[in-house]
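Read off the chains here:
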Amino acid sequence: MSSDNNNIIITPRDADASSNTTTPAATYTDDPSPSPAAPVAVSWTPDGTLSLDWVQHIMSAFDWSSRNLPPSAFPSVFPVPVFDALVLTASKILHKEPNCLQIETLDSNSTVVVVGDIHGQLHDLLFLLKDAGFPAQNRVFVFNGDYVDRGAWGLETFLILLAWKVFMPHRVYLLRGNHESKYCTSVYGFEKEVLTKYGDKGKHVYRKCLGCFEGLPLASIIAGRVYTAHGGLFRSIAVTPSKRSKGKKNRRITLNPEHNSLHLGSLEELSKARRSVLDPPWEGLNLIPGDVLWSDPSMSPGLSPNKERGIGLLWGPDCTEEFLKKFELKLIIRSHEGPDAREKRPGLAGMNEGYTIDHDAESGKLITLFSAPDYPQFQATEERYNNKGAYVVLKPPDFDNPEYHSFEAVVPRPKVNPYYDYEDVIDSDEDLDLASMVTAL
C-alpha cells in the first residue's frame, strides 16, 4: 500500500475523550459548584520521580477543571510549587538535548507517533493520546511544537507534555514551535492565560515557561530517514571576513553575513545554532532558529525570504529534493500551517484532513501535519473551517512510510472566554510586528 492511501479517520465518541462518558460543557462563574468527582489537588512526588499514575492524574485533573472551575481557580488543582518542580525538572532535561535530536533506539516492535500543532486545544490532545496510545517503551512520540496560544488551555497542554517528557525522557520528544516565544505568547493569548490562571504568581509562572521554551530542541531525525521540525528547512549562514582592525589590542576578525544568495544549510550548521533565545532573530548571524520555526514550503523553485511572515524562508520542491538527497532522507514532516494559513497559499492543498503532501520529490516527500481540529478555537468569521486534525504513525522497518490518522474535534468544548482579541489581532501567518519583537527581547 502506498503512503498516500494510508488514511484512517477517527471520530471522537463523545465530549469527554479521556473517560468515554459524555460531560456537558461548563459555563464558568465566579462561584462554581464543583462536581463530586473533583480530583485531589496535584502534589509533587517525594523523590521527584514521576509515574504513569501521576501523569494520568494531571490529565484527568486538567480535564475536570476545564469543565468545572473558573480559570482563576487553577492553582487549587496545580499549585505553584508543583508547577515549579515540574518545569525545573523538565527544563534540565530539555536544555541538555541537542538542537537536532537523533531518534535511533528503535526496533522491530517500535512505532513513532508524530504530532503537529496543538494550540492549547486540551481536549483534542487528550483524545489524540488515547487514540494513538500513550507513550511507551515501544511507542515514541515526537511533537512538532506550537503547544500554546489561540486555544484556551495552552498551559494545561504544555504541562501535560512536560510531565510525559519527565516520565519518559527517551520516548517523548518536544520540539519548539514559533509560538513558543515571548513575542507570539504576548500577542496570541498564552501570557494573558497564565496571568489569569495564576493571578499574582502569574508573572513568575510565565517567566518560567519562557525559560523552558528556550530549551526546546529545534528538529529531529527519526531512524536516519525522517526529518521533523515545526517550520522546516533553513539557510546556510555564509560569512566573509572583514578587514582586520588596526592595533595589537583587541585584534579580531568581524564576520559579516552574506546576503547576496541563499543556500540550504547543513545539519552541522543546525547543530551549532544558538536556540536559547526568547524570540528567534530575523537578522544577524543566528538566523537558523528563525528559519526552522517560521519557514514554509512553496510550489515555486528556489529558496527565498518569507516576505509574508517577515521571518524565515520559502523553499521549493527542488530544495526539498536537495535536502533529502544530501542527507539520505526519505521524508520531511513539518507543521506550522493550519486551515487559515493554507487558505492564503495558492498551489498548496488545504488542511481539511489535518495533513497535506506538499512536495513529492524523487528522493521522498514533504508533509505538513496539523493536529488541532476545528481550528482556531476562537474564530472571527461565522463560518468555521471545521478541519480535522491528524497525527502520523511511522512503523518499522524503515519508519519512512507514514500512516495518516485524521480525527475530528472533541465537542462540545467547555465554554471559556478567549485570552486575546481574536477579531482584531494580526494573523500570525503574515506581517510580523518586528518592532514589537525587538521590544520583547
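Look up: the structure comes first, before these words.
Treat the numbers as computed from the prediction; the structure is a model and nothing was measured.

Our focus in this paragraph is helix α2 (residues 80-96). An ideal rise of 1.5 Å per residue puts 24 Å on 17 residues; α2 measures up with 24 Å between its terminal C-alpha atoms. Burial in α2 covers these residues: Val80, Val82, Phe83, Ala85, Leu86, Val87, Ala90, Ser91 and Leu94. Where α2 is buried, its residues meet α1 (52-68), α4 (154-167), β5 (172-174), α6 (190-198) and α7 (202-215).

On inspection of all chains with the given rule, the structure shows 23 aromatic pairs. Taking 5.9 Å as the distance between ring centres and 45 degrees as the angle between the ring planes, the aromatic pair formed by Phe190 and Phe213 counts as tilted. Residue Phe190 is located in helix α6, and its partner Phe213 is located in helix α7; the two are separated by 23 residues in the primary sequence. Pair check on accessibility: Phe190 and Phe213 agree, each one buried. Clustering of aromatic rings is evident, with ring pairs tying together Phe62, Phe74, Phe78, Phe83 and Tyr198. The ring of Phe74 carries Lys197 above its face, with NZ or CZ at 5.9 Å from the centroid.

Moving on: the sheet that holds strand β12 (residues 313-315). Think of a sheet as strands paired side by side through backbone hydrogen bonds, with each pair either parallel or antiparallel. Pairing is mixed across the open sheet formed by three strands, whose spatial order is β10-β12-β11. Each edge of the open sheet carries a strand with a single partner, namely β10 (296-297) and β11 (303-305). Note that β11 and β12 share three bridges and pair antiparallel. Looking at the pairing, Leu303 lines up with Trp315 of β12.

Among the nonpolar cores identified, the biggest contains 67 residues, and Phe62, Phe78, Phe143, Leu159, Ile160 and Leu162 are the most heavily contacted of them. The leading source of residues in this core is α4, at nine residues. Residues in contact with Phe78, not counting those within four places in the same chain, are Val42, Trp54, Ile58, Phe62, Phe83, Leu86, Leu159 and Tyr198. Core analysis: the second largest hydrophobic core is formed by 31 residues, Cys100, Val292, Ile311 and Leu313 among them.

Looking at α6, one finds that the buried residues are Phe190, Glu193, Val194, Lys197 and Tyr198. Seen end-on, α6 carries its buried residues on one side only, within an arc spanning 105 degrees. Its buried side turned inward, α6 meets α2, α4, α5 (182-187) and α7. In the segment just after α6, Gly199 is the residue with positive phi, at about 55 degrees.

Take the pattern of salt bridges next. Counted under the stated rule, the structure contains 18 salt bridges. The salt bridge partner of Asp296 is Arg309, with a shortest N-O separation of 2.5 Å. Of this pair, Asp296 sits in strand β10 while Arg309 sits in the loop between β11 and β12; the two residues are 13 residues apart in sequence, bridging distant segments of the chain. The exposure classification of Asp296 matches that of Arg309, with both residues buried.

With that settled, the discussion passes to the sheet that holds strand β15 (residues 365-369). If you walk across this open sheet you meet the six strands as β2-β6-β7-β13-β15-β14, and the pairing is mixed. Here the strands that pair on one side only, and so sit at the sheet edges, are β2 (100-103) and β14 (355-360). Looking at each pair of strands side by side, their axes are set apart by 20 degrees on average, direction ignored. Bridge count between β14 and β15: five bridges; the pairing is antiparallel. Bridge pairing in β15 places Tyr355 opposite Leu369. The strands touched by helix α10 (residues 317-326) within the sheet are β7 (226-229), β13 (331-334), β14 and β15, with β13 carrying the most contacts at an inclination of about 120 degrees.

A few words on the pairing of β7. Each regular strand shows side chains that alternate between the opposite faces of the sheet. By the alternation rule, side chains of β7 split into Val226 and Thr228 and Tyr227 and Ala229, which are all buried. Where strand β6 (residues 219-222) meets β7, four bridges bridge the pair, whose relative direction is antiparallel. Note on β7: the bridge partner recorded for Ser220 is Thr228. Between the end of β6 and the start of β7, which pair antiparallel, lie three residues, with Ala223 showing a positive phi angle near 55 degrees. Note: β7 against β13, four bridges, orientation parallel. In the sheet register, Tyr227 faces β13, and the bridge partner there is Ile332.

Within the secondary structure, Pro135 is located in the loop between α3 (122-132) and β4 (139-143). Judged by relative accessible area, which is 6%, Pro135 ranks as buried. Pro135 sits 23 residues away from Val112 along the chain, and the two C-alpha atoms are 9.4 Å apart. Here Pro135 is in contact with Leu129, Phe141, Trp164, Met168 and Val172, once residues within four sequence places are set aside.

Every second residue of β13 is oriented toward a common face, with Leu331 and Ile333 on one face and Ile332 and Arg334 on the other, all of them buried. Sheet analysis places β13 next to β15, joined by four bridges and oriented parallel. Opposite Leu331, over in β15, you have Lys365 as the bridge partner.

Below, the discussion takes up unusual backbone geometry. That bond from Tyr375 to Pro376 is cis: its omega, -5 degrees, falls within 30 degrees of zero. As for its placement among the helices and strands, Pro376 is situated in the loop between β15 and β16 (389-394). Located in the positive-phi region is His119, a residue other than glycine, with phi close to 50 degrees. Of note, the phi angle at His336 is positive, near 80 degrees, even though the residue is not glycine. Tracing the backbone shows His336 in the loop between β13 and α11 (339-342).

What counts, and where the lines are drawn
Every chain is numbered independently, its residues counted from 1 as its sequence is written. Side-chain atom pairs in this predicted model are given and counted only at pLDDT of 80 or more, local residue features only at pLDDT of at least 70, and totals for whole chains, interfaces and linings cover all residues. Neither water nor hydrogens contribute to the side-chain values; these are computed over all heavy atoms in the structure. Comment: elements are numbered from the N terminus, with helices defined as DSSP H or I runs of at least four residues and strands as E runs of at least two. Every helix has an expected span of 1.5 Å times one less than the residues it contains. Summary of the burial criterion: residues with accessible area below 20% of their type's maximum are buried, those above 50% are exposed, and those between are partly exposed, where the area comes from a 1.4 Å probe applied to protein chains only. Only heavy atoms matter for contacts: two residues are in contact if any of them lie within 4.5 Å across the pair. Classification of ring pairs rests on two measures: the distance between centres of Phe, Tyr or Trp rings, Trp counted by its six-membered ring, which must be within 6.5 Å, and the angle between planes, read as stacked under 30 degrees, edge-to-face over 60 and tilted in between. Only when the NZ of Lys or the CZ of Arg is both within 6 Å of the ring centre and within 35 degrees of the ring normal is a charge said to sit over the ring. When DSSP locates at least two bridges between a pair of strands, those strands are taken to pair. By convention a nonpolar core is built from buried Ala, Val, Leu, Ile, Met, Phe, Trp, Tyr and Cys residues, the set being connected through side-chain atoms within 4.5 Å. Throughout, the arc means the angular range of directions from the helix axis out to the C-beta atoms. What makes a salt bridge here is a side-chain nitrogen of Lys or Arg within 4 Å of a carboxyl oxygen of Asp or Glu, nothing more. Fitted lines through C-alpha atoms serve as axes, helices being fitted only where they are in contact, and the angles separating the N-to-C directions of these axes extend from 0 to 180 degrees.

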